[in-house]
Amino acid sequence: HVPGFAARVLAVGQRKGRNSSLLFQLRRVFAFLRGSLRKSCDMREFFETYQTVHEAARPTEQMDAEEFLNKFLDLMEDSEESGLVKRLLEETFEGELEQSIVSKDCDHTTRRSQTFYTLSMDVKNKRDL
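Criteria and cut-off values
Residues numbered from 1 in each chain as written. Predicted model: local features only at pLDDT ≥ 70, side-chain atom pairs only at ≥ 80, totals over all residues. Heavy atoms only, no water. Core = buried A, V, L, I, M, F, W, Y, C linked by side-chain atoms within 4.5 Å. Buried < 20%, exposed > 50% of the residue type's maximum accessible area, 1.4 Å probe, protein only. Helix = DSSP H or I, 4+ residues; strand = E, 2+ residues; numbered from the N terminus. Contact = heavy atoms within 4.5 Å. Salt bridge = Lys/Arg side-chain N within 4 Å of Asp/Glu carboxyl O. Pairing = 2+ DSSP bridges.

Draft legend 1. Examining the nonpolar core more closely. Counting residues in hydrophobic clusters, the biggest one holds 23 residues, and the most contacted among them are F5, V9, L23, L26, F72, M76 and L89. Of all the secondary-structure elements, those providing two or more residues to this core are α1 (5–11), α2 (22–34), α3 (44–53), α4 (65–77) and α5 (82–92). Of all the elements, α2 adds the most residues to this core, at five residues. If we ignore the near neighbours within four places in the chain, the residues touching V9 are L23, L26, R27, F30 and L88.

Right, here's the structure in full:
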């Protein structure tokens, strides 16, 4: 759960003729869950749209949450509404990782920055969280 992401997605105005977009389907899911006491909803239309955008996707394919999220975010960034979606993703998920290499022989340091939406971390002595 990422606080505020659902609210940001729901606040995005619907563009005429975009009912088959991933953003529209995500809005539809969030709107249903917000207005319902149920904790789940029918995801068939969402996955039909997902398969239209990502032909190789199969709803029965096993993948972990991080793998699905990365594929989904990539598809969202490449969508017709990419500018709007990119801004939503940057405001909610984007972080920056800086890698520094310090020379032992001289005072030279090389730095490289990279933006990310997800970050994998190993937690020692924890089988689950």
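Draft legend 2. Representation of the pattern of salt bridges. Evaluation of the coordinates by the stated rule reveals seven salt bridges. For E45, the salt bridge identified is with R28, shortest N-O distance 3.9 Å. Note that E45 is positioned in helix α3 and R28 in helix α2, a separation of 17 residues in sequence. Of the charged contacts in the structure, one is a salt bridge between R111 and E98, with a shortest N-O distance of 3.4 Å. Separated by 13 residues along the polypeptide, R111 in strand β2 (residues 109–116) and E98 in strand β1 (residues 95–102) bring together distant segments of the chain. Residue R111 is classed as exposed on the basis of its relative accessible area of 57%. We classify E98 as partly exposed; its relative accessible area is 48%.

Draft legend 3. Structural context of the pairing of β2. Pairing geometry for β1 and β2, over eight bridges, is antiparallel. Opposite G95, over in β2, you have F116 as the bridge partner. Counted along the chain from β1 to the antiparallel partner β2, the turn is six residues long.

Draft legend 4. Just the side chain of S21, in detail. Checked against the element boundaries, S21 lands in the loop between α1 and α2. Residue classification places S21 among the buried residues on the basis of a relative accessible area of 14%. Setting aside anything within four residues of it in sequence, one finds S21 in contact with T49 and E81.

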